[in-house]
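Structural description and commentary
Residues per chain are reported as follows:
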Amino acid sequence: MPQTYRTALVTGASAGLGAELARQLAAQGTGLVLVARDRGRLDALAADLRSRHAVAVEVLPADLVDPDGLAAVESRLRDAGEPVDLLVNNAGLGVREGFVEGDLRDHERLLDLNVRAVLRLSGAAVPDMRARRRGTVLNVSSVAGWLPFGTYGASKAWVTTFTEGLAAELRGSGVTATALCPGYVVTEFHDRMGVRRSGPPFLWLRAEDVAAGGLADAARGRVVSVPTLRYKVAATLLQATPRPLLRRALTARVTGRVRRPAGGAGRSGSAAQPSPSSSSS
């Protein structure tokens, strides 16, 4: 039977996909623990959800890159008196610059949030879920995990693979794990990176649709959730494409090579990392 949830903890809940996941869970009658850095936004969202859906909403401001903030969320997940049935690891970030041109500290922060926080929070939640034989971990990944997208793609490849391995370990325990792998989603994610939204409009997904599909697949116990038929096809093709071809295609895009016109200086394009994602911190 599909899982139902009494309480869900959602990271990156102040905006974007995280806020939409919280809204849809509240509409289903699920109590919430909302985690993000921005207390003002969390308080506003919590008040709205309590008013609209009469559900219990707890606000837990925390920076998951900070050891103390991460520890506070781990402690909440281990609270046996108020158990969490659904952990949504949604918080994440991208880096505009490539690895060579960028600040190493930015890439370390990306890995701390996109990888380390997912590992630590899953580790805090799963043992109690397994003891109760009830629970779900929903990790927001990305189709970028199937592409050589530098640090960002590597972090999302880890999230998807980690989730698949966790799901295998939990099989038969009553606890499930799902990796939600969207493509481009209309949220604040790219605005925060300072990267303009590009590409055909049909590539951009609504957060409402991504959240609904991810929650439905998680409730069914599906291990990998790719929203929309077009991205399911894209994900299948990406996994079947020889890696050298992907590397060549992405190298051309990331370096933004532009032929120099005769007699002119020419100019190079942006070296920004393409980052299909939906997460927010």
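Residues numbered from 1 in each chain as written. Predicted model: local features only at pLDDT ≥ 70, side-chain atom pairs only at ≥ 80, totals over all residues. Heavy atoms only, no water.

Going by what an unreviewed UniProt entry lists, the protein chain is known as SDR family oxidoreductase and is assigned to Vallicoccus soli. Within the UniProt record for the protein chain, the comment given under Sequence similarities (unreviewed entry) is "Belongs to the short-chain dehydrogenases/reductases (SDR) family." (UniProt positions renumbered as here; feature names shortened; annotations may be inferred.)

Before going further, it helps to spend a moment on the packing of aromatic side chains. Counted under the stated rule, the structure contains one aromatic pair. Judged by centre distance (4.7 Å) and plane angle (5 degrees), the rings of Trp-158 and Phe-162 are stacked. With Trp-158 and Phe-162 both in helix 5 (residues 150–170), this residue pair falls four residues apart, about one helical turn. A relative accessible area of 28% means that Trp-158 is categorised as partly exposed. (Phe/Tyr/Trp six-rings, centres within 6.5 Å; stacked < 30°, edge-to-face > 60°. Helix = DSSP H or I, 4+ residues; strand = E, 2+ residues; numbered from the N terminus. Buried < 20%, exposed > 50% of the residue type's maximum accessible area, 1.4 Å probe, protein only.)

Turning to unusual backbone geometry, a few remarks are in order. With glycine set apart, most residues show a phi of negative sign, and most peptide bonds adopt trans. Even without being glycine, Ala-54 reaches a positive phi, approximately 55 degrees. Along the chain, the position of Ala-54 falls in the loop between helix 2 (39–53) and strand 3 (57–61). When its relative accessible area of 70% is taken as the criterion, Ala-54 is described as exposed. In this structure, Arg-133 is a non-glycine residue whose phi angle is positive, near 55 degrees. With respect to the secondary-structure elements, Arg-133 resides in the loop between helix 4 (104–132) and strand 5 (135–140).

Before going further, it helps to examine a nonpolar patch on the surface. A cluster of nonpolar side chains, Phe-99, Val-100 and Leu-104, forms an exposed patch at the surface whose accessible area comes to about 350 Å². Turning to its location among the elements, Val-100 is positioned in the loop between strand 4 (86–89) and helix 4. (Patch = residues over 30% accessible without salt bridge, like charges linked within 9 Å, V, L, I, M, F, W, Y side chains within 5 Å. Areas by Shrake-Rupley, 256 points an atom, 1.4 Å probe, with all protein chains shown as cover. Salt bridge = Lys/Arg side-chain N within 4 Å of Asp/Glu carboxyl O.)

Our focus in this paragraph is the nonpolar core. The nonpolar side chains of a soluble globular protein tend to be buried, and buried together. Judged by nonpolar contacts, the single largest core of 34 residues is most densely connected at Leu-9, Val-35, Leu-64, Val-73, Leu-77 and Leu-87. Of all the elements in the fold, those that place two or more residues in this core are strand 2 (31–36), helix 3 (67–77), helix 4, helix 5 and strand 6 (175–180). Top element by residues in this core is helix 4. It accounts for eight residues. Other than its neighbours up to four places away in sequence, Val-73 contacts Leu-9, Val-35, Leu-60, Ala-62, Leu-64 and Leu-121. (Core = buried A, V, L, I, M, F, W, Y, C linked by side-chain atoms within 4.5 Å. Contact = heavy atoms within 4.5 Å.)

Another aspect to go through is the pairing of strand 5. In terms of burial, strand 5 is a largely internal element, six of the six residues being buried. Burial of the side chains of strand 5 extends over both faces: Gly-135, Val-137 and Asn-139 are buried on one face and Thr-136, Leu-138 and Val-140 on the other. Judged from the four bridges that link them, strand 4 and strand 5 form a sheet pairing that is parallel. Residue Leu-87 lies in a different strand from strand 5, and its bridge partner there is Val-137. The pairing of strand 5 with strand 6 spans six bridges and is parallel. In the sheet register, Leu-138 faces strand 6, and the bridge partner there is Thr-178. (Pairing = 2+ DSSP bridges.)

Moving on, we come to the pattern of salt bridges. Here the structure, examined in full by the defined rule, presents 11 salt bridges. For Arg-109, the salt bridge goes to Asp-63, with nearest N and O atoms at 3.6 Å. Placement of the pair is Arg-109 in helix 4 and Asp-63 in the loop between strand 3 and helix 3, with a sequence separation of 46 residues. Under the relative-accessibility criterion, Asp-63 is labelled partly exposed at 25%. For the salt bridge of Arg-134 with Asp-85, the shortest nitrogen-to-oxygen distance reads 3.3 Å.

Once that is clear, we can look at the pairing of strand 1 (residues 7–11). By the criterion of burial, strand 1 is predominantly enclosed, with five of the five residues buried. Alternating positions in strand 1 separate into two faces, Thr-7, Leu-9 and Thr-11 on one and Ala-8 and Val-10 on the other, with burial throughout. Here five bridges tie strand 1 to strand 2, and the two strands are oriented parallel to one another. When the bridges of strand 2 are listed, Thr-11 appears paired with Val-35. Following the chain from strand 1 across helix 1 (residues 16–27) to the adjacent parallel strand 2, one finds a crossover that is right-handed. Sheet topology note: the strand 1/strand 4 ladder contains three bridges and is parallel. The partner of Ala-8 across the bridge, within strand 4, is Leu-86. (Right-handed = clockwise from strand over helix to strand, strands pointing away.)

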